[in-house]
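Letter by letter, the chains look like this.
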Amino acid sequence: MLDCFGISDVGKVRGNNEDAWLLQPLATGQWLLLVADGVGGRDAGEVASRTTVAVFEQLASAGKLDPASDPALAPLLLGMAAQKAHVTVASEAALAGQQAAMSCTLSVALISDARADLLQVGDSRIYRWHADDLQQLTKDQTVAMQLLHDGRISPAQLATHPDRNTLSQSIGLEASGAPLTPVHCESLLAAGDRLLLCSDGLTDMVPDTTIATLLAAHDTAQAAARALLQAALDAGGKDNVTVLVAKV
């Protein structure tokens, strides 16, 4: 049984909310969770994130994301959906010259009882809380993270690097001519686990230790999500904040 809740807030600084999210039960008993964080300035990012959500919502409603008969299909189905969102957003940007740079992040979880299939593009994160331990399941696709991976900066430099929030991958915009390359992974879930999907409006404001404490302190997904959102706002709310929590 899954207890799911999602919430989003414009924050205390931004004029509009460029985040979009989706919580959708599938006919097969699975759940689809999605967070998209728009990039490209006012309106443009909002179009990209909402378009991405609409693509996944349409595919899910049509049964195109139901891998119940063969769980091994989940990465393929999520990857195809991400590519369709990528092409759709890029096409819309091409039709609107002033929005030519619009794009968004994408973090998706397809949850089937004890298994979660995950896909990520960009730096919206997915965490698993298990037995008082918080694990970041995704790795940020940013320029600074790539520099770290290449050995050109140290872990100590990562937190303050000027390109720590510069995306190396995003939906709708191909970085340096490179094709879209989503990252897939999976996680096994146990009773009591919490799965968290969030935009960087949470993680830039609230340290992982506090995120873990708040997930542990609340018995329902709704209470945990609201507490995390409030923590981001209390810390300054410098960006849009979106939080999705699923409790097994």
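What counts, and at which threshold
Residues numbered from 1 in each chain as written. Predicted model: local features only at pLDDT ≥ 70, side-chain atom pairs only at ≥ 80, totals over all residues. Heavy atoms only, no water. Helix = DSSP H or I, 4+ residues; strand = E, 2+ residues; numbered from the N terminus. Contact = heavy atoms within 4.5 Å. Areas by Shrake-Rupley, 256 points an atom, 1.4 Å probe, with all protein chains shown as cover. Lys, Arg positive; Asp, Glu negative; His and termini not counted. Charge placed at Lys NZ, Arg CZ, Asp CG, Glu CD. Pairing = 2+ DSSP bridges. Axes fitted to C-alpha atoms, helices over the stretch in contact; angles between N-to-C directions. Buried < 20%, exposed > 50% of the residue type's maximum accessible area, 1.4 Å probe, protein only.

The helix and strand tally for the protein chain stands at 7 helices and 11 strands. If one aligns the C-alpha atoms of the protein chain with their principal axes, the spans along those axes are about 45 × 40 × 40 Å. Taking as baseline every contact in the protein chain between residues at least 6 positions apart, the subset at least 24 positions apart corresponds to 70%. Approximately 10900 Å² of the protein chain is accessible, and the part contributed by carbon and sulfur atoms is 54%. With 16 positive and 28 negative side-chain charges, the protein chain shows a separation of 2 Å between the mean positions of the two kinds.

Hydrogen bonds between backbone atoms are what pair the strands of a sheet, whose relative direction is either parallel or antiparallel. Strand order in the open sheet made by the 5 strands is 1-11-10-7-8, with antiparallel pairing throughout. Each edge of the sheet is formed by a strand with only one pairing partner; in this case those strands are strand 1 (3-9) and strand 8 (133-136). The mean angle between the axes of side-by-side strands here comes to 15 degrees, regardless of whether they run parallel or antiparallel. As paired strands, strand 7 (residues 125-130) and strand 8 are joined by 4 bridges and run antiparallel to one another.

Summarising the element assignment, Ala48 is placed in helix 1 (residues 44-61). Ala48 sits in the buried class, given a relative accessible area of 0%. A C-alpha to C-alpha distance of 8.5 Å links Ala48 and Asp37, two positions 11 residues apart in sequence. For Ala48, the contacting residues outside a window of four places in its chain are Val89, Met102, Ser103 and Cys104.

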